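Notes for the structure review
Letter by letter, the chains look like this.
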Number of protein chains: 2
Amino acid sequence: MVEVKILVTVILGLMILHGESEYIEYNTSQRIVPGKINVHLVPHSHDDVGWLKTVDQYYVGANNSIRGACVQNVLDSVISALLEDKNRKFVYVEVAFFQRWWRQQSEILKIKVKQLVNSGQLEFINGGMCMHDEATPHYIDLIDQTTLGHQFIKKEFGQKPRVGWQIDPFGHSAVQAYLLGAELGFDSLFFARIDYQDRAKRKDEKTLEVVWQGSKSLGSSSQIFTGIFPIHYAPPDGFTFEIHDVSPPIQDDALLFDYNVKERVDDFVTAAVAQDGRVNALYSTPSIYTDLKNAAGELWPLKTGDFFPYADRENAYWTGYFTSRPAFKGYVRMMSSYYLAARQLEFFKGRGSSGLNIDALADALAIAQHHDAVSGTEREHVAADYAKRLSIGYAECPLLNISYCPPSEAALSNGKSLVIVVYNPLGWKREEAIRVPVSTEGVIVHDSDGKEIESQLLPLSYASLSIRNYHVKAYLGRSPGETIKYWLAFSVSVPPLGFSTYIVSTDKRAGSSTISEVYTSQGNKDLTAEVGQGNLKLLYTTNEGKLARYVNSRSLVETSAQLTYSYYSGYNGTDRENQASGAYIFRPNGTFPIESEGQVSLTIMRGPLVDEVHQQLNPWIYQVITRIYKGKEHAEVEFNIGPIPVDDGVGKEIITKITTDMVTNKTFYTDSNGRDFIERVRDYREDWDLQVHQPVSGNYYPINLGVYIKDESTELSVLVDRAVGGSSLVDGQIELMLHRRLLHDDSRGVGEALNEEVCVLDKCRGLTVQGKFYIRIDPLGDGAKWRRKFGQEIYSPLLLAFTEQDGNNWTNSHVPTFSGVDPSYSLPNSIAVITLQELASGRILLRLAHLYETGEDKDYSQMTSVELKKLFRTRRSTKLQRQICLPIKRELKWRQRG
Amino acid sequence: MVEVKILVTVILGLMILHGESEYIEYNTSQRIVPGKINVHLVPHSHDDVGWLKTVDQYYVGANNSIRGACVQNVLDSVISALLEDKNRKFVYVEVAFFQRWWRQQSEILKIKVKQLVNSGQLEFINGGMCMHDEATPHYIDLIDQTTLGHQFIKKEFGQKPRVGWQIDPFGHSAVQAYLLGAELGFDSLFFARIDYQDRAKRKDEKTLEVVWQGSKSLGSSSQIFTGIFPIHYAPPDGFTFEIHDVSPPIQDDALLFDYNVKERVDDFVTAAVAQDGRVNALYSTPSIYTDLKNAAGELWPLKTGDFFPYADRENAYWTGYFTSRPAFKGYVRMMSSYYLAARQLEFFKGRGSSGLNIDALADALAIAQHHDAVSGTEREHVAADYAKRLSIGYAECPLLNISYCPPSEAALSNGKSLVIVVYNPLGWKREEAIRVPVSTEGVIVHDSDGKEIESQLLPLSYASLSIRNYHVKAYLGRSPGETIKYWLAFSVSVPPLGFSTYIVSTDKRAGSSTISEVYTSQGNKDLTAEVGQGNLKLLYTTNEGKLARYVNSRSLVETSAQLTYSYYSGYNGTDRENQASGAYIFRPNGTFPIESEGQVSLTIMRGPLVDEVHQQLNPWIYQVITRIYKGKEHAEVEFNIGPIPVDDGVGKEIITKITTDMVTNKTFYTDSNGRDFIERVRDYREDWDLQVHQPVSGNYYPINLGVYIKDESTELSVLVDRAVGGSSLVDGQIELMLHRRLLHDDSRGVGEALNEEVCVLDKCRGLTVQGKFYIRIDPLGDGAKWRRKFGQEIYSPLLLAFTEQDGNNWTNSHVPTFSGVDPSYSLPNSIAVITLQELASGRILLRLAHLYETGEDKDYSQMTSVELKKLFRTRRSTKLQRQICLPIKRELKWRQRG
């Protein structure tokens, strides 16, 4: 968030001034001096990979009217300073920048820099492409972005970073501690931002340094030594020496006015230590510091869980960014899944040198994990830059564009058939319904064997059509050529890591697709409507137009259930505390239910494959309040929210609440970056006695996979399609924040209100966000299976590619079905392929994830074996090696207190 | 005025991008390409030797809350950049900074820097300690500050600067062109600031490059090639690359977004040339440019006179700074004279290694010539820093303190005698009255032969006593111990470059000093009062309390004469043009006579040596309206102005007017840095048709020596004791601006109103300024003699040193009189010693000035010879060599147009 900050060259204490006017070389050699307080001076940069400016603007020093910052100059000057004095040290973090710089250096300089790295003067820490956010990215993205950076460091310098350095992200996740820390082979992790109450207690009790065990499942093997800064990551007051900083320089020329060496040494000692005592200062790195701490053999307190949410002071909970820029968050998640699938396909096809590859998408996705990128805390034009990079990367991937679907609309109207190739990136077979937009009702679907497939046409709502047209105009600058009328839904069956092909044609005999029956609740005499044709049924009160009950006839779960919307009005920051709600901070100023004006009707569609209930709740909230697919036991909710009205001068943060009468005892569970579920208790922190000033925002947590609550008999799970913030503020209730539109900056540096707009011909309106979440209620103990398996399916939806054919020419000349996995095999339900990639070296990188934690599920929370040879039947080379970024045996042991 | 600006490394046009991702070394070698437009890129710094911060603060980068600026970093990075690429060049100007930096460099680096200088990569231009002001310094100070810098360059690098580089001063003087330019051996002179109307015409007529002939007397031998910048000295729009500048960087990495080499090259060509054509850019220096211009053999227009006054746009005449900080200007002039005398005494005594020497004063005086120092355009705290440096330098000089005179007051009251050594720094014998404060009336004065000297006691006015007490409290923090009652005046006779000794004692028989007779005009029946006992008499109307007539019975000049005060109210800058009167700019908003409230009395003192007329004009103007010494034919006016009242919210600029009925035809004459008198014609410029928007400030000129007007029979001369601004806005009238107190900043960067205050115990009031000017009216053609000879005596007053004795112990043990000049000799009246100094090398530096211009005086405007051996009788070595900074034979010839 703060860029280009260098803690430079505080070489006090090392200086002795000899004589007055003669030049004397300072002795800057240094070591630990026993018996003294040894102060480690860690010269480091902190360069945002995009924030107020785009990543390239920061690098080249462009757009300086926003912020004078130029990372290439930082690197130039740092390297030159290191070369001048071998006692100097520097740690570098963001490989996205370093890589840009490295590419432009001469071979001669590269050799010198390699020597600096070998000697330890220059050390890479963290070493990902960026210093990623910890709240809103998916763990697969964290692994991928870190891998990319580490591969560069390994390739160019033969080194492996030892230290995590997450000094700026706004809270710290358990997954960071164990998966991106201990499991990555890091010996230690350092960061600056924790809750102000937590910090005060830790400073008081001297527990700012802990051993953090982030994983229940991995236990003590996942521990990492963790250092929390006593204050922020800036230099101590009076020791910031950037060009325009006001700290008094060290003035050691006695012939000039204001000679101040004595005074500055005193200041430094004061800054370095509260108690009395002489101080030995040395240039250091976090690695050196870690080794010395380890060698001291002390006992360290144990920390479990995570460091969310983060408040830097009263009323300033950084929980708004869990949801900020929801459309961008959704796009990042979609690209993440696409990248995973694209690598698999590249692997199956062979990487080759055809030109198009996944590298651009890899880079774009990596920097999108930056703590001012997917977090939503960058400026608007920077968010656009990240999105542009993703779209370029996406277009360069060797797959077809599936976003705007012109083929599906155009092909049929030209009398041709539409060929749909459906790819399944998961290791197990999937049978589910997919949907494509069509412009005519006379259609029929066949599989690649020519067998007709049951299909259903769902009329497109005016709301969907309108937002589609608007976005095409806004982003492509033209009107869509075809007017689509329906969603065509049909069931597909796709083998693990494989694809199937389906053909959609127009049929002169009006086709076989069933047009959904459509009912409107308005004027309907029935008081309730029942939706769902299988085990799961949802009941609606038609007069109120509201969800009332959830019934599963198989599991015998039956409960009252409501789905409602509300908004929090954002603080405008004009009160005496001057803290507005903004991109980072969520500070509500009252909550207001969003009710329809007058009676609101439900539109119910039924058909052979799916039942849907639609509702225009108000002019700016349209929802598919329920969608239940045949054979599925969860309800899907699709929301269209926006433009959020702000004509009243009030920013609004839109939430949805799922309310049951479950007795949940203040407790709920949210995931850590899509992996471990962590228990949250309302108004409570495990590490300190929480003073509650913000009963809403202080109970918000980041959600990447889902959130659940449970009582004695059931558990309610809600899964999400992107990062959102959420909580359970009332027993039996889950709330998710889905969209935010705010009118004030929250004074944390971004200097822009989070007021996203979409413009057509310079006319702008608030952004409309489309997304989904998924609801299921299970008997107690049964929820994990759905959360894990279906959660993986949400992350990796079936991927559709389109083409068209006249007659049968395409299906005749192409392989219509394929599976990378031996037909006799599929991965266990507890295992997911999170990376399958052919590296540039030709070697294959495979990462498998066990989806279940210890004790999470009675069937799946156990060791599982995978038959790797059956996973790799298509490639001859099955010789597997452990790759970088998989767990590495660490040598340092840490002793745990008490 | 603008600091730390580097025109850096625009290496466009030289770049060719090879390939995309590979590092390719740019070929930065360069040369003039015939047939192309060759653009000289001149990387230079512009570092203010004090302005918004003090000189040391700029150097070390302290006080950055005012301005982030650190010259040592500029030099570090420039040298390192030059060492990296031998094609790069840099010119450096301010030796005061370079010297500070040089002292702190290692021998190894010094050798490298010497190589850079030898190869021409680093070139010193201008080469004085600072880039001096051209309006308000005395030419002797300009020579001295330049000498100091050039001596350093000569000693360390064996080089001699070739180019004048006065890019920031606010107008340009004739003395700069010929004395500090051509005569110094410079081949060219470059600057940026000339009147906006002048510039427009020159741009139009392509006469921005001229041959400037600054001296009538030296004629074509004083010509210098002069380049005026077409716009200011900043880089062209879009090519400023300071850390926080907004110019688009040159982005040559095609793998990043916003690659812009083509576009930036186009921008550069556009910026470099208005007409079409390809451009060849090269790193250059003004020297290289000058040589190429010279080799081209073109014809250049001739420029005579100077470039005053300067207006950067309508209503923005930079003529306020001619007077800004009048007390500081007076202090600088006093120190200048003291430095001249101190060097002489050091020469006579032998420099030795006693510790105390003139070096600190030399340094302090040098940087006080900076264009934001003596100009008065620095911030208040910076002015205080300059003054502090001067006072330290003064205290380290091997002479006694003469400013506060405790000995003269204390000695007599202790019954001891006061010994006064009177030094005459001029080359001719002087007989004039001196005055010292005493606290008792019973005093007697003897010369060193024991002969009683006639003396006169003048009662101290309440106004003088009060300001003395206030300043002692303000600056020394205590009350003066003694209450002084009188000025004791007596005549002294001092040999050339020598001293005499006088002893003042208390005499029990009430002494022999004559107490002045004091009359008050109030209640006096006479209508007029006549003052002056010799040839010159001034007549006053006692009822009005005003000067009425000037009569010289010897020269038969008799004329009406008035002396009045007025003020201009300063523009407050809130009008639509938003230009206030301030430190730089004089923009009056109406003129108001300063009249006494009710009848104002004159106090007339008469005695054997001097007649004085005192007047308290109003509560804040007290003046010795006339002081005429026996045997002198000029009137001395001493003014005490301040605190200027600003309770009405209006800034005021105080002027005095000397009014006669002479018919002067809009014409007046002001000096150039104390040397040449230049003819000024009201509302007229020789070089262009002046559009008059500011009839007052647009006719103001800087005055260092004096100003005169003439008609068919007489000439009226007014000489000054410091730099002031002045004009003749009405025929027969001369006006001087004596003090300014303003409440608004004039938006030229200093960011502070020129509102000088003096504080005692945190209670502040406006500054009171004390000063003198001198009036004389001569028959036409006789004025120059007085202006030149007496002008030199004003610049070099007799210097008094004090001690005390019991009995005759001091006079018995010391040499009471001395002259450095052979007793049979004194310098001709037309010649002044402007430098007589023993250099650190032991060699002697002597500079003599001929005081008269061609045609200025019928007797003295001619060649004169000086008997050097008689000037050096006290030192054995009389072998003289030409020194640096004396005229140097230049090789370049310039052809003159038409």
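Definitions and limits used
Residues numbered from 1 in each chain as written. Chains lettered and ligands numbered in written order. Predicted model: local features only at pLDDT ≥ 70, side-chain atom pairs only at ≥ 80, totals over all residues. Heavy atoms only, no water. Core = buried A, V, L, I, M, F, W, Y, C linked by side-chain atoms within 4.5 Å. Buried < 20%, exposed > 50% of the residue type's maximum accessible area, 1.4 Å probe, protein only. Helix = DSSP H or I, 4+ residues; strand = E, 2+ residues; numbered from the N terminus. Disulfide = S-S within 2.5 Å. Contact = heavy atoms within 4.5 Å. Buried area = accessible area lost by both parts, 1.4 Å probe. Salt bridge = Lys/Arg side-chain N within 4 Å of Asp/Glu carboxyl O. Polar contact = N/O pair within 3.5 Å; in protein donor to acceptor, adjacent residues only side chain to side chain. Nonpolar A, V, L, I, M, F, W, Y, C, P; charged D, E, K, R; others polar. Domains from an automatic or database assignment. Least-squares fit on C-alpha atoms with pLDDT ≥ 70 in both. Expected span 1.5 Å × (residues − 1). Pairing = 2+ DSSP bridges. Axes fitted to C-alpha atoms, helices over the stretch in contact; angles between N-to-C directions. Parallel < 35°, antiparallel > 145°, perpendicular 65-115°, else oblique. Phe/Tyr/Trp six-rings, centres within 6.5 Å; stacked < 30°, edge-to-face > 60°. Lys NZ or Arg CZ within 6 Å of the ring centre and 35° of its normal.

The subject of this paragraph is the nonpolar core. Generally speaking, nonpolar side chains in soluble globular proteins are found buried as a group. By size, the foremost hydrophobic cluster in this structure holds 142 residues, and its most contacted members are F98(A), L122(A), Y565(A), L736(A) and F773(A). Among the elements that make up this core, the one with the highest residue count is helix α10 (residues 326–349) of chain A (10 residues). Of all hydrophobic cores here, the second largest spans 140 residues; its members include L361(B), V421(B), I604(B) and L846(B).

Right, let's get into the state of the cysteines. Residues and elements named next belong to chain A. For the structure shown, the criterion picks out two disulfides over all chains. Here C759 is linked by a disulfide to C764, with a sulfur-sulfur distance of 2.0 Å. Between C759 and C764, the S-S dihedral sits near 100 degrees, and the bridge is therefore right-handed.

Across the contact, 35 residues belong to chain B and 35 residues belong to chain A. Here chain B packs against chain A, burying approximately 3,000 Å² in sum over the two surfaces, 59% of which is carbon and sulfur. Counting the surface chain B buries against chain A, the share from its top three residues, Y23(B), R103(B) and F257(B), is 23%. On the surface where chain B and chain A come into contact, there are two salt bridges. Summed over the shared surface of chain B and chain A, the number is seven residue pairs in polar contact (both at pLDDT 80 or more). Looking at the side of chain B that touches chain A, the elements with two or more residues in it are α1 (55–60), α3 (95–103) and α12 (380–395) of chain B. For the side of chain B that touches chain A, a count of residues per class yields 12 nonpolar, 11 polar and 12 charged.

Think of interface size as the accessible area that goes away when the parts come together; that is how it is often given. All names here are of chain A. We note that the domain assignment places domain 1 (37–317), domain 2 (326–393) and domain 3 (562–780) within chain A. In this structure, domain 2 and domain 3 have C-alpha centres spaced 25 Å apart. Taken together, the contact pairs 11 residues of domain 2 with 17 residues of domain 3. Together, the buried faces of domain 2 and domain 3 total about 1,200 Å²; carbon and sulfur atoms form 50% of this surface. Taken together, domain 2 and domain 3 are joined by zero salt bridges. Summed over the shared surface of domain 2 and domain 3, the number is four residue pairs in polar contact (both at pLDDT 80 or more). The leading source of residues in the side of domain 2 that touches domain 3 is α10, at five residues. Looking at the side of domain 2 that touches domain 3 residue by residue, the class counts come to two nonpolar, three polar and six charged.

The next subject is the pattern of salt bridges. Residue and element names in this part refer to chain B. Inspection of every chain in the model, using the stated rule, returns 107 salt bridges over all chains. Residue D198 is joined to R202 by a salt bridge in which the shortest nitrogen-to-oxygen separation is 2.9 Å. Of the two residues, D198 and R202 are both situated in helix α7 (residues 196–205); the distance of four residues between them amounts to about one turn of the helix. Here D198 matches R202 in class, with each residue buried.

Now for the relation of the copies chain B and chain A. Note on the identical chains: chain B maps onto chain A by a rotation of 180 degrees and an axial translation of 0.1 Å, with an RMSD of 0.1 Å. Taken together, the rotation angle and the small translation identify this as a two-fold axis. When you check the interface residues of chain B against chain A, 100% turn up at the interface there too, and the contact is symmetric in its surfaces.

Before going further, it helps to examine helix α15 (residues 783–795) of chain A. All names here are of chain A. For α15, built from 13 residues, the straight-helix expectation of 18 Å at 1.5 Å per residue is met to within 8% by its first-to-last C-alpha distance of 18 Å. Along α15, 11 of the 13 residues are buried, which leaves the element largely enclosed by surrounding structure. The set of residues buried in α15 consists of G783, A784, W786, R787, R788, F790, G791, Q792, E793, I794 and Y795.

Attention now goes to the sheet that holds strand β22 (residues 528–531) of chain B. Residues and elements named next belong to chain B. A sheet is described by the order of its strands in space; here four strands give the open sequence β22-β23-β24-β25, paired in antiparallel fashion. Both edges of this open sheet fall to β22 and β25 (557–560), since each of them pairs with a single strand only. Strand-to-strand twist of the sheet, defined as the mean angle between neighbouring strand axes without regard to direction, takes the value 20 degrees. Pairing of strand β23 (residues 536–541) with strand β24 (residues 546–552), which is carried by six bridges, proceeds in the antiparallel orientation.

The next subject is the packing of α3(B) against helix α4 (residues 107–119) of chain B. Residues and elements named next belong to chain B. Across the interface, α3 lies against α4 with an axial gap of 10 Å and an inter-helix angle of 140 degrees. As the angle between them shows, α3 and α4 are arranged oblique. Counted together, F98, W101 and W102 of α3 and L109, K110, V113 and K114 of α4 form the full contact between these two elements. Of the residues assigned to the contact of α3 with α4, the class counts are five nonpolar, no polar and two charged.

Once that is clear, we can look at the environment of F239(A). Within the secondary structure layout, F239(A) lies in the loop between β7 (223–228) and α8 (261–272). On a C-alpha basis, the gap between F239(A) and P249(A) in space is 8.1 Å, while along the polypeptide they are 10 residues apart.

Residue P309(A) follows F308(A) across a cis peptide bond; omega there is -10 degrees. Inspection of the secondary structure assignment puts P309(A) in the loop between β10 (302–304) and β11 (311–313). For the peptide bond that leads from G642(B) to P643(B), omega is -10 degrees, which places it in the cis range. Its place among the elements puts P643(B) in the loop between β31 (635–641) and β32 (652–659). At N665(A), a residue that is not glycine, the phi angle is positive and equals roughly 55 degrees. With respect to the helices, strands and loops of the structure, N665(A) is situated in the loop between β32 (652–659) and β33 (667–671). The exposure class assigned to N665(A) is exposed, which follows from its relative accessible area of 59%.

This brings us to the packing of aromatic side chains. Enumeration according to the criterion identifies 89 aromatic pairs over all chains in this entry. Relative to Y701(B), the ring of F668(B) has its centre 5.8 Å away and its plane inclined at 70 degrees; by these criteria the two rings are edge-to-face. Of this pair, F668(B) sits in strand β33 (residues 667–671) while Y701(B) sits in strand β35 (residues 701–703), placing them 33 residues apart in sequence. Take F668(B) and Y701(B): they sit in the same class, and that class is buried. Chaining the aromatic ring pairs together yields one cluster made of F90(B), Y92(B), F98(B), W101(B), W102(B), F124(B), F152(B) and F157(B). One cation-aromatic arrangement involves R264(A) over F239(A); the distance from NZ or CZ to the ring centre is 4.2 Å.

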